[in-house]
Amino acid sequence: MAQAKTISLRRGAFKIKTWSAGSGRPLLYLHGIDGLNGWPSWLDGFTGAWRVVAPQQPGFGSSTGLDHLESFLDLSLFYLDLIEALGMERPAIIGHGLGGNIAAELAAINPHAVDKLVLVAPTGLWNDEDPGVDVFAITEPEMTKIAWHDPEGAVKRGLVKIPKTDNQKRAAILDRAKALSTAGKFLWPIPDKGLDRRAYRITAPTLLVWGASDKIVPPSYAPLFRKLIAGSKVVRIPRAGHSPMLEQPGRFVAAVKEFLT
Amino acid sequence: MKFHWFHLMPYQELPKDFSEKYHSVWVDVPSHLFDPVAGHRFYNEYLDELEFAAESGFDGICVNEHHQNAYGMMPSPNIMAASLARTTSKAAIVVLGNSIALYNPPIRVAEEFGMLDVISGGRLVAGFPVGSSMDVNYCYGATPATLREKYREAHDLIIRAWTEPEPFAFNGKYTQLRYVNLWPRPIQKPHPPIWVPGGGSIETWSWVGERDYQYSYLSYSGYKRGEDVMKGYWDAIDHLGVDNNPYRGGFLQLVAVADTDAQAEKLYSPHIDYFYDKCLHIAPGFADAPGYRTVATIKAGLQSQFGSQARSLRAGLKWKDYIDGGFVVAGSPATVREQLKDVIERLHVGHLMLLLHFGDLPRDKTLHNTDLFAREVMPHLKGMWSEWDDKWFPQSLGEQEVQQPAAAGTSR
């Protein structure tokens, strides 16, 4: 069972919800624009050999402190503080989308703080030829259609939570607005904020994981990242969209474990 | 009671199948649909219409700012206002307004509004909208999460620039200027009246009230739906403990006047359809960028008038539905008088902005609508709210002092 805990940083300026489980080497998971509302079951695959911590980022759900964060530099320093507060020494980091973007920035700013880096369809670069769907300009139903390799399957498997009661609907609208607004604070209107100038500093061994059917950050970004981060490797997950760890958890966990071990 | 003639300046030649074939009238409407030669005609006709409205006795003539928008061809309303400042001499020039968070640095607005106020002899109303999500977030790339903070900082800078007599330094989060020193300062003291067109955030209500500004709801959905927003505003005013002077409030209403009710339908119905079917064909994904509306506003259940909900509400509506639903106030002068009296009382507003041009309404019908309104409707309602002072209307120079344009090469 994962343990839920709220961590307070900088005299309460940040109150961060975290879920953690397992024991062993430190592993941090940084979620993407969907947010995180509990322990994701695919992380169970790591708890045998790792102490895994999954924080909910400021501005998502009930985690606070977004007002103190204006840029990727602020975010990186915040996560370095959080890593220290969690007592994690040189953790491996898995980051998804925006979370991958933050992990890459953090590893460029302080290369010694990270053991290994797993970037899952990270944002942070821009390609005029293949920009990807603008997630800030589509409705919730359109999002469901483009986020998955198999949208119907994703709904059937419960990967897309469909609110039923009016209260659930209101809460879902609010949650989505908060999550995307927070992501937009760092990614609007184009996610290129200069990572390509800094990425050369990343020394951590890096794995780039992409769902082959990702329409949000298309697989064409994988070679761009590989070129920027020395020694990085790319793993493509077939039959997966922007969230391969949810749509193909078996293949995803196996590939990442092999890299981290 | 004050009446203002409002122009959106729509592009009139959108293809017949526009709403089926194109994604949105705003943001990504392809510019190859715009014929500049047709645009030349429209701009000049539209300025004529605003000038005609001023001559017909409207208290103010209104222009506003939209970008990448086929129903509003005014990325810079100040250019239109500059022209009108020269060709009119009495009507207030209501620029509703400049999206102040978009100007870099925002003193550009202080300067241009300063120029307009000085050229027009103190007839400017300075509108400070946050701006629609389409304009500010999608077309001009402003980050939704910080938009309102940036707006408020821009506001503080502009007000200081207008009111401080000596140069000062401004160390803002979004704008840093070592030397702020405004030339030309506006004629009106301490500055032109500030109107805030809103609808996207409930915090705006008390912000406006605390600063003694005027709040206007520019609604295309008519007075029945406008009631919720205006009630929210008046409740906030009440809560602040300031008087509920109706001139603190304004409302935009589509109006179509003809000799008879039947005539109104015949004259205006196709153009109302053009307005609602084509001009408001806005992709729901662009209606409301995440973070544009505040959490408190979403919690309060206030809907965007451009969102999916508003769109499905309007789907398939025809003339009669628009009239019954209050979207459009239309009919004979008597019908319109009676309904507008009700609108003004219900919403408790001292400033009514009239959309007497809508969609692809041609010039002759626009002038007819304007003329009938000015002669047969306006005089009957002018006396409303006479017990209140309007502190939100421009204090222009007296008639003796206002300069009139002279033909080139002549002197007076």
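Note that the structure is a prediction, hence the values are computed from the model and not measured.

Visitor: Mind showing me how you'd approach the overall build of chain A here?
Guide: Counting secondary structure elements, chain A contains nine helices and eight strands. Taking 261 residues into account, the globule formula puts the C-alpha radius of gyration at 18 Å, and chain A, at 17 Å, falls close to it. By its C-alpha atoms, chain A is 45 × 45 × 35 Å across when sized along the principal axes. Counting across all 261 residues of chain A, residues that qualify as buried make up 45%. Pairs at least 24 residues apart make up 73% of the contacts formed inside chain A by residues separated by at least 6 positions.

Visitor: Please explain the overall build of chain B as it appears in this structure.
Guide: Counting secondary structure elements, chain B contains 14 helices and eleven strands. Dimensions of chain B along its principal axes, counting C-alpha atoms only, are 60 × 55 × 50 Å. Expressed as a percentage of the 412 residues in chain B, the buried residues total 51%. In chain B, of all internal contacts separated by at least 6 residues, the share reaching a separation of at least 24 is 78%.

Visitor: Would you mind going over the interface of chain B and chain A with me for this structure?
Guide: It is common to report an interface's size as the accessible area lost on association of the parts. Each partner contributes residues to the interface: chain B has 16 residues there, and chain A has 16 residues. Sorting the residues of the side of chain B that touches chain A by element identifies α6 (144-163) and α10 (295-299) of chain B as the ones contributing at least two each.

Visitor: Explain helix α3 (residues 77-87) of chain B here, please?
Guide: Helical geometry note: an α-helix holds 3.6 residues per turn, so side chains three or four residues apart project in the same direction. By the burial criterion, the buried members of α3(B) are Pro77(B), Asn78(B), Met80(B), Ala81(B), Leu84(B) and Ala85(B). Down the axis of α3(B), the buried set is contained in an arc of 150°. They therefore lie on one face.

Visitor: Would you explain helix α8 (residues 222-240) of chain B in this entry?
Guide: All names here are of chain B. Under the 1.5 Å per step criterion, the end-to-end length of α8 is 27 Å for 19 residues, consistent within 8% with the ideal 27 Å. Most pronounced at Asp 228, the bend in α8 amounts to some 35°. For α8, the full list of buried residues reads Gly 222, Tyr 223, Gly 226, Val 229, Met 230, Tyr 233, Trp 234, Ala 236 and Ile 237. In this structure, the buried residues of α8 make contact with α7 (203-210), β8 (214-217), β9 (249-257), β10 (328-331) and α13 (333-347).

Visitor: Help me understand the sheet that holds strand β7 (residues 206-211) of chain A in this model?
Guide: Strands pair in a sheet through their backbones, by hydrogen bonds, and they do so in one of two ways: parallel or antiparallel. Residue and element names in this part refer to chain A. One open sheet accounts for eight strands, arranged β1-β2-β4-β3-β5-β6-β7-β8; its pairing is mixed. Each edge of the sheet is formed by a strand with only one pairing partner; in this case those strands are β1 (3-9) and β8 (233-237). Here the strands of the sheet are splayed against their neighbours by 20° on average, with no regard to which way each runs. As paired strands, β7 and β8 are joined by five bridges and run parallel to one another. In the sheet register, Gly 211 faces β8, and the bridge partner there is Ile 237. Against the sheet, helix α1 (residues 72-85) contacts β1, β2 (14-21), β3 (25-30) and β4 (50-55), and its axis sits at roughly 120° relative to β1.

Visitor: Can you help me understand the nonpolar core in this one?
Guide: Note on soluble globular proteins: their nonpolar side chains tend to be buried together. Of all hydrophobic cores here, the largest spans 195 residues; its most connected members are Ile61(B), Ile93(B), Val95(B), Val255(B) and Leu354(B). Contacts of Val255(B), omitting those with residues within four sequence positions, involve Val329(B), Ala330(B), Val336(B), Leu354(B), Leu355(B), Leu356(B) and Phe373(B).

Visitor: I tried to follow the environment of Tyr179(B) on my own but got confused; where do I start?
Guide: Residue and element names in this part refer to chain B. Position of Tyr 179 relative to the elements: it lies in strand β6 (residues 176-180). Judged by the 8 C-beta atoms lying within 10 Å of it, Tyr 179 falls in the exposed class. Along the chain, Tyr 179 and Pro 167 lie twelve residues apart, while their C-alpha atoms are 6.0 Å from each other.

Visitor: For this particular structure, what's the right way to read the environment of His149(A)?
Guide: Inspection of the secondary structure assignment puts His149(A) in the loop between α3 (140-147) and α4 (151-156). Each C-alpha atom of the pair His149(A) and Asp214(A) lies 7.3 Å from the other, and the pair is 65 residues apart in sequence.

Visitor: Looking at this structure, how should I read the packing of helix α2 (residues 36-55) of chain B against helix α14 (residues 363-381) of chain B?
Guide: In helix packing, the relevant descriptors are the interaxial angle and the interaxial distance, both defined with respect to the helix axes. All names here are of chain B. Look at α2 against α14: their axes get within 10 Å of each other, and the N-to-C directions meet at 15°. By the angle between their axes, α2 is roughly parallel relative to α14. As α2 packs across α14, the resulting crossing turns out to be right-handed. Only Arg 363, Thr 366, Leu 367 and Thr 370 of α14 make contact with α2, whose side of the interface consists of Glu 45, Glu 49, Phe 52 and Ala 53. Here the residues of the contact of α2 with α14 sort into three nonpolar, two polar and three charged.

Visitor: How should I be thinking about the packing of α2(B) against α3(B) in this particular structure?
Guide: Residues and elements named next belong to chain B. It is at 11 Å that the axes of α2 and α3 come closest, and there the two elements cross at 45°. What the angle tells us is that α2 and α3 run oblique. Where α2 crosses over α3, the handedness of that crossing is right-handed. Contact with α2, carried on its side by Leu 47, Leu 50 and Glu 51, involves Met 80, Ser 83, Leu 84 and Thr 87 of α3 and no other residues of that element. The residue makeup of the contact of α2 with α3, split by class, is four nonpolar, two polar and one charged.

Visitor: What am I meant to see in the pairing of β8(B) here?
Guide: The two faces of a sheet get side chains in turn, since along a regular strand they alternate between them. Residues and elements named next belong to chain B. Alternating positions in β8 separate into two faces, Gln 214 and Ser 216 on one and Tyr 215 and Tyr 217 on the other, with burial throughout. In the sheet, strand β7 (residues 194-198) pairs with β8 via four bridges, with the strands oriented parallel. Following the sheet pairing, Trp 195 is matched in β8 by Gln 214. When β8 meets β9, the two strands line up parallel, connected through three bridges. Counted as the bridge partner of Ser 216 is Gly 250 from β9.

Visitor: Got a minute to help me understand unusual backbone geometry in this structure?
Guide: Trans peptide bonds make up most of the peptide bonds, and negative phi angles are found at most residues other than glycine. Geometrically, the link from Trp188(A) to Pro189(A) is a cis peptide bond, its omega value of -15° lying close to zero. The residue Pro189(A) is located in the loop between α5 (166-187) and α6 (195-198) in this model. Its identity is not glycine, yet Ala121(A) carries a phi of approximately 40°, on the positive side. Within the secondary structure layout, Ala121(A) lies in the loop between β6 (117-120) and α3. Taking the C-beta count within 10 Å as the criterion, Ala121(A) has 29 such neighbours and is therefore assigned buried. One non-glycine residue, Met9(B), lies in the positive phi region at around 60°.

Visitor: Any chance you could explain the pairing of β2(A) here in plain terms?
Guide: All names here are of chain A. With six of its eight residues buried, β2 lies for the most part within the structure. Examined bridge by bridge, β1 and β2 share seven bridges and lie antiparallel to one another. Paired with Thr 6 across the bridge in β2 is Lys 17. Remark: four residues form the turn of the hairpin made by β1 and β2, two consecutive strands paired antiparallel; Arg 10 in that turn has positive phi of roughly 45°. Note that β2 and β4 share four bridges and pair antiparallel. Considered in β4, the bridge of Ser 20 is made with Val 53.

Visitor: Please clarify how the confidence of the model for chain B should be interpreted in this entry.
Guide: Detail in the predicted coordinates should be disregarded across regions flagged by low pLDDT. Summing up the model confidence of chain B, the mean pLDDT is 95 and the portion of residues at 70 or higher is 98%. Scoring of the predicted complex yields 0.95 for pTM and 0.92 for ipTM.

Cut-offs and rules
Residues numbered from 1 in each chain as written. Chains lettered and ligands numbered in written order. Predicted model: local features only at pLDDT ≥ 70, side-chain atom pairs only at ≥ 80, totals over all residues. Helix = DSSP H or I, 4+ residues; strand = E, 2+ residues; numbered from the N terminus. Rg over C-alpha atoms; globule rule 2.2 N^0.38 Å. Buried ≥ 20, exposed ≤ 12 C-beta atoms within 10 Å, placed from the backbone. Contact = placed C-beta atoms within 7 Å. Arc of directions from axis to C-beta. Expected span 1.5 Å × (residues − 1). Bend = angle between axes of the 7 residues up to and from the residue. Pairing = 2+ DSSP bridges. Axes fitted to C-alpha atoms, helices over the stretch in contact; angles between N-to-C directions. Core = buried A, V, L, I, M, F, W, Y, C linked by C-beta atoms within 7 Å. Parallel < 35°, antiparallel > 145°, perpendicular 65-115°, else oblique. Left-handed = near helix turned anticlockwise from the far one by under 90°. Nonpolar A, V, L, I, M, F, W, Y, C, P; charged D, E, K, R; others polar. pLDDT = per-residue confidence, 0-100.

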